[in-house]
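Fold and geometry: a report
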Amino acid sequence: MWKSTSPRLVGTLFILLSALAFGVLPLFTHYIYAAGADTRTVLILRFSIAGAVMVGVMLARNETWPRGRALLGLIAMGAIGYAGQSFCYFTALHYASAGLVALLLYLYPILVTLLAVILLKDKMTRPKLIALALASAGLVMTIGPALDGSLLGIGLGLLAAIIYSLYVIAGSRLTVGASPMASATVIMLSAATTFSLSMVNGEPAWPTGMVGWSAMVMLALISTVVAIVTFFAGLTRLGPSESSMLSTFEPVVSVAGAAWLLGDQMSIWQWFGGGLILASALLLARSGTAQAAD
């Protein structure tokens, strides 16, 4: 029984760790922007630093690089998918509130689940439907009522959710046979290349001071290397639907971190919404473990 349930439990822990690492991303970004950096420079540094670290780890561990069709697919995921999602998300923050953009992005678990049912013939079980409803309600309460964005910001936020949904679905297929570390490395390097090319005719705005650069390094190591590697490690064990719904733990981390470090206040509704998201994650993990044991 332990052998059959262990991979799913490990996958759940990986996805929750990934959500934790992604959840602190807005906190690091706050300090980086305050240090004078702009969006494209942040994205170039994020993926370049992360990619360099991952290449070093790959070489030290003598990891096998993806080849052929898998390699081309991963390059496309990074250069187009992840780069496109990141650009839409960070640009949307200039035209809409952070709460609205985060809410729009986290429509992606719903989109992933529906796409998995349609494209991958995933089974829509009752626990998934309940978990989806709980997570959706929890997200609305957790992010709060900051719905004051422009049409451009709303459009970019929705586009980020759509692109990321397709990215997760593609990742569940293209990473088969490739290690999570190798997949993440190719994606990071591809995204870094895209953003570097976008700066050919522009001047980067580097962060200044120890705080700005420290936050930049933490963004690259924690919210990129750790976050992406653990997400792929969980994705290969759980599949796209369960992974995306468990990832809704991320905004809970973001809101709690903002309250603790930045002085943002959480309302009773936000705490209640966070509880609903945690309940959905526990329900999903428990139902998946029960299915594996059957």
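Summary of the structure given here. Here the structure is a predicted model, which means the values were calculated and not measured. (Residues numbered from 1 in each chain as written. Predicted model: local features only at pLDDT ≥ 70, side-chain atom pairs only at ≥ 80, totals over all residues. Heavy atoms only, no water.)

**Considerations on the overall build of the protein chain**
Of regular secondary structure, the protein chain possesses 13 helices and 0 strands. A burial count over the protein chain gives 52% of its 294 residues as buried. Long-range contacts, defined as pairs at least 24 residues apart, comprise 91% of the intrachain contacts of the protein chain with a sequence gap of at least 6. (Helix = DSSP H or I, 4+ residues; strand = E, 2+ residues; numbered from the N terminus. Buried < 20%, exposed > 50% of the residue type's maximum accessible area, 1.4 Å probe, protein only. Contact = heavy atoms within 4.5 Å.)

**What about a nonpolar patch on the surface?**
A contiguous nonpolar patch, built from Tyr31, Val211, Trp260, Leu261 and Leu262 and spanning about 520 Å² of accessible area, is present on the exposed surface. Secondary-structure assignment places Trp260 in helix 12 (residues 250-261). (Patch = residues over 30% accessible without salt bridge, like charges linked within 9 Å, V, L, I, M, F, W, Y side chains within 5 Å. Areas by Shrake-Rupley, 256 points an atom, 1.4 Å probe, with all protein chains shown as cover. Salt bridge = Lys/Arg side-chain N within 4 Å of Asp/Glu carboxyl O.)

**Notes on the packing of aromatic side chains**
Evaluation of the coordinates by the stated rule reveals 8 aromatic pairs. A ring pair is formed by Tyr167 and Phe232, whose centres lie 6.4 Å apart and whose planes are at 50°; its orientation type is tilted. In this pair, Tyr167 is assigned in helix 8 (residues 151-174) and Phe232 in helix 10 (residues 209-238), connecting sequence segments 65 residues apart. Taken individually, Tyr167 and Phe232 each receive the classification buried, so the pair is uniform in this respect. Through successive ring pairs, a cluster of aromatic residues spans Phe47, Tyr82, Tyr164, Tyr167, Phe195, Phe231 and Phe232. (Phe/Tyr/Trp six-rings, centres within 6.5 Å; stacked < 30°, edge-to-face > 60°.)

**Regarding the packing of helix 7 (residues 126-143) against helix 12**
Here helix 7 crosses helix 12 at 15°, and the two axes come no closer than 10 Å. If you check the angle between helix 7 and helix 12, you find them roughly parallel. Of the two possible hands of crossing, helix 7 and helix 12 adopt the one that is left-handed. Every residue of helix 12 that contacts helix 7 at Leu139, Thr142 and Ile143 is listed here: Pro251, Val252 and Val255. Here the residues of the contact of helix 7 with helix 12 sort into 5 nonpolar, 1 polar and no charged. (Axes fitted to C-alpha atoms, helices over the stretch in contact; angles between N-to-C directions. Parallel < 35°, antiparallel > 145°, perpendicular 65-115°, else oblique. Left-handed = near helix turned anticlockwise from the far one by under 90°. Nonpolar A, V, L, I, M, F, W, Y, C, P; charged D, E, K, R; others polar.)

**Let's talk about the pattern of salt bridges**
If you walk through the whole model with that rule in mind, you get 1 salt bridge. Where Arg61 meets Glu63, a salt bridge forms, and the shortest distance between an N and an O atom there is 3.4 Å. Look at Arg61 and you get exposed, because its relative accessible area is 53%.

**Thoughts on the side chain of Ser247**
With respect to the helices and strands, the residue Ser247 is situated in the loop between helix 11 (240-246) and helix 12. For Ser247, a relative accessible area of 4% puts it in the buried group. A polar atom in the side chain of Ser247 sits 2.8 Å from the backbone oxygen of Ser243. Among all residues touching Ser247, those that are not within four sequence positions of it are Ile15, Ala19, Tyr106, Tyr108 and Phe231. (Polar contact = N/O pair within 3.5 Å; in protein donor to acceptor, adjacent residues only side chain to side chain.)

**Observations regarding the nonpolar core**
Note that soluble globular proteins tend to have their nonpolar side chains buried in a common cluster. Counting 75 residues, the largest nonpolar core has Tyr82, Tyr167, Val168 and Phe232 as the members making the most contacts within it. At 11 residues, the largest contribution of residues to this core is made by helix 10. Ignoring any residue separated from it by four or fewer positions in sequence, one finds Tyr82 in contact with Phe22, Arg46, Phe47, Met77, Tyr164, Tyr167, Ile187 and Ile228. (Core = buried A, V, L, I, M, F, W, Y, C linked by side-chain atoms within 4.5 Å.)

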